[in-house]
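In case you want the letters, here they are:
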2 protein chains.
Amino acid sequence: MPARKPAYKRRSGCPLNASVEMLGDRWSLLIIRDMMLLGYRTFKEFLNSHERIASNILADRLLRLENYGIIASARDPSDGRKQIYSLTPKGLGLAPVLTEMVLWAAAYEDTGNQALVRLIHKDKDGFLAQVRKRFANRSSPGK
Amino acid sequence: MPARKPAYKRRSGCPLNASVEMLGDRWSLLIIRDMMLLGYRTFKEFLNSHERIASNILADRLLRLENYGIIASARDPSDGRKQIYSLTPKGLGLAPVLTEMVLWAAAYEDTGNQALVRLIHKDKDGFLAQVRKRFANRSSPGK
DNA sequence: CAGGATCCGTTTCGATACTG
DNA sequence: CAGTATCGAAACGGATCCTG
């Protein structure tokens, strides 16, 4: 599966257009969430985690996100087989978007993960700073 | 095309899961943007506008969003042919999400619509309040 | 004419099996 | 471990048709 270019044409310059092109599918945001909130970094972690993404789709999405500059990949120096994925600054910049989505879902729908929601509610800026700091120190997954 | 239920199963209770299920496609967020920022309300406006969505897809998305409680529809009292779509409080609650997405795209990508971006940057809370107010007064599109 | 439904070819998805 | 290959199923998109 080659790195997709959408078949449909989209007028650019309109707000949100670019965002939706990069993130408007069922998996991209979830992958980013796993990196940002759960500290996942390897193909296997994404694969075994959460919503059971198929391996071909995962490979496609990782490549796509990398092409968009949202994530970066590098070979694990200590284990040549492993590939380590990480968020770029641009990817990290999505933290406020994810945060607002979590709050929205919590307000109207989702009952899960109340701890996180309360944490964000109590101190949104602090939470965002914490996310950034984890990635500034590079790769301490944080559970 | 019946109102879709996703074929894949998704574990619930995980943050963002619900959001992505409702909004994780190429059109839903754009439709909401058009309602929220451009004041669009009718089938035809959505159809002729922006990125040239196909009418069957549009009908499906409108139904989906209505089923999720994000938008509501009612017949135009002054013109029986027309259907008027509007944001519910839940849909309006997406304003912060959209706002952050616009800011993110502006910071890393999109060059279009600088005016809006500057407005949001200057006074994010004021902008959100303004959006809410427009819909509290119901239906003054606001260009 | 507005809102949508139907038809149909094309693209993408997703599960599983398989490879370097 | 990190992906490819394959293939049936689903979703997409364009065009057209239907209905009030």
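None of these values were measured; they are calculated from a predicted model. (Residues numbered from 1 in each chain as written. Chains lettered and ligands numbered in written order. Predicted model: local features only at pLDDT ≥ 70, side-chain atom pairs only at ≥ 80, totals over all residues. Heavy atoms only, no water.)

*Asks:* Looking at this structure, I do not really get the side chain of B:D76. What am I missing?
*Replies:* All names here are of chain B. Along the chain, D76 falls in the loop between β1 (71–75) and β2 (83–87). Of the side chains with opposite charge, K82 lies nearest to the buried D76, which makes no salt bridge, at 5.3 Å. In this structure the side chain of D76 is engaged in a polar contact, spanning 2.8 Å, whose partner is the backbone nitrogen of S78. Apart from the residues within four sequence positions on either side, D76 is in contact with K82 and I84. (Helix = DSSP H or I, 4+ residues; strand = E, 2+ residues; numbered from the N terminus. Buried < 20%, exposed > 50% of the residue type's maximum accessible area, 1.4 Å probe, protein only. Lys, Arg positive; Asp, Glu negative; His and termini not counted. Salt bridge = Lys/Arg side-chain N within 4 Å of Asp/Glu carboxyl O. Polar contact = N/O pair within 3.5 Å; in protein donor to acceptor, adjacent residues only side chain to side chain. Contact = heavy atoms within 4.5 Å.)

*Asks:* What should I look at first to understand the interface of chain B and chain A in this one?
*Replies:* A common way to state how big an interface is: give the accessible area lost once the parts meet. Counting residues at the interface gives 44 residues for chain B, matched by 44 residues for chain A. Across the chain B/chain A interface, buried area totals approximately 4,200 Å², and carbon plus sulfur atoms make up 65% of it. Area buried by chain B at its contact with chain A is led by B:L16, B:R26 and B:W104, which between them contribute 18% of it. Where chain B touches chain A, the interface holds zero salt bridges. (Buried area = accessible area lost by both parts, 1.4 Å probe.)

*Asks:* Hey, could you run me through the protein's contact with DNA strand D in this one?
*Replies:* Surveying the vicinity of DNA strand D reveals 20 residues, the closest of which are A:K44, A:S55, A:Y85, B:N56 and B:R61. Protein-proximal atoms of DNA strand D, defined as those within 4 Å of the protein, fall in sugar or phosphate at a share of 62%. Here A:S55 contributes a side-chain N or O atom positioned 2.6 Å from a base oxygen of DNA strand D. Note that a phosphate oxygen of DNA strand D is positioned 3.1 Å from one of the side-chain N or O atoms of B:W27. The set of elements that each furnish at least two residues to the surface near DNA strand D consists of α3 (43–48), α4 (55–67) and β2 (83–87) of chain A together with α4 (55–67) of chain B. For the surface near DNA strand D, the element with the highest residue contribution is α4(B), accounting for four residues. Grouping the constituent residues of the surface near DNA strand D by class yields six nonpolar, six polar and eight charged. (Near = heavy atom within 4 Å. Nonpolar A, V, L, I, M, F, W, Y, C, P; charged D, E, K, R; others polar.)

*Asks:* Please explain the packing of helix α2 (residues 28–38) of chain A against helix α6 (residues 95–108) of chain A as it appears in this structure.
*Replies:* A pair of packed helices is captured by two measures, namely the crossing angle of their axes and the spacing between those axes. Residues and elements named next belong to chain A. Closest axis-to-axis distance for the α2/α6 pair is 11 Å, and the angle between their directions is 105°. By the angle class used here, α2 and α6 are roughly perpendicular. Contacts between α2 and α6 involve L29, R33 and M36 from the former and A95, L98 and M101 from the latter. Looking at the contact of α2 with α6, its residues break down into five nonpolar, no polar and one charged. (Axes fitted to C-alpha atoms, helices over the stretch in contact; angles between N-to-C directions. Parallel < 35°, antiparallel > 145°, perpendicular 65-115°, else oblique.)

*Asks:* Help me understand unusual backbone geometry, please; the structure alone is not making it clear to me.
*Replies:* Backbone geometry follows two general trends: most residues other than glycine have a negative phi, and most peptide bonds adopt the trans configuration. For A:L16, which is not glycine, the phi torsion reads 85° and is therefore positive. Within the secondary structure, A:L16 sits in the segment before α1 (17–23).

*Asks:* Is there a simple way to explain the relation of the copies chain B and chain A in this structure?
*Replies:* Both copies of the chain are placed relative to one another by a rotation about an axis and a shift along it. Structural alignment of chain B on chain A gives an RMSD of 0.1 Å, achieved by rotating through 180° and translating 0.0 Å along the axis. On the angle and the small slide along the axis, the relation comes out as a two-fold axis. Most of the interface of chain B is mirrored in chain A: 100% of its interface residues are interface residues there too. (Least-squares fit on C-alpha atoms with pLDDT ≥ 70 in both.)

*Asks:* Would you explain the packing of aromatic side chains in this entry?
*Replies:* Aromatic rings in a pair are described by how distant their centres are and how their planes are angled relative to each other. Tallied over the full model, the rule gives six aromatic pairs over all chains. With 6.3 Å between their ring centres and 70° between their planes, A:Y40 and A:F46 make a pair best called edge-to-face. Since its relative accessible area comes to 0%, A:F46 is described here as buried. Their ring planes at 45° and their centres at 6.2 Å tell us that B:W104 and B:Y108 sit as a pair that is tilted. (Phe/Tyr/Trp six-rings, centres within 6.5 Å; stacked < 30°, edge-to-face > 60°.)

*Asks:* Would you mind going over the pattern of salt bridges with me for this structure?
*Replies:* A side chain of one charge can pair with a side chain of the opposite charge when the charged atoms of the two come close. A complete count under the given rule lists nine salt bridges over all chains for this structure. Here B:D34 makes a salt bridge to B:R33, at a shortest N to O gap of 3.1 Å. Note on accessibility: B:D34 and B:R33 belong to one class, buried. With a closest N to O distance of 2.7 Å, B:D60 and B:R61 form a salt bridge. You can call B:R61 buried: its relative accessible area is 8%. Bridged by salt links that share partners, the residues A:D25, A:D60 and A:R61 form one connected network.

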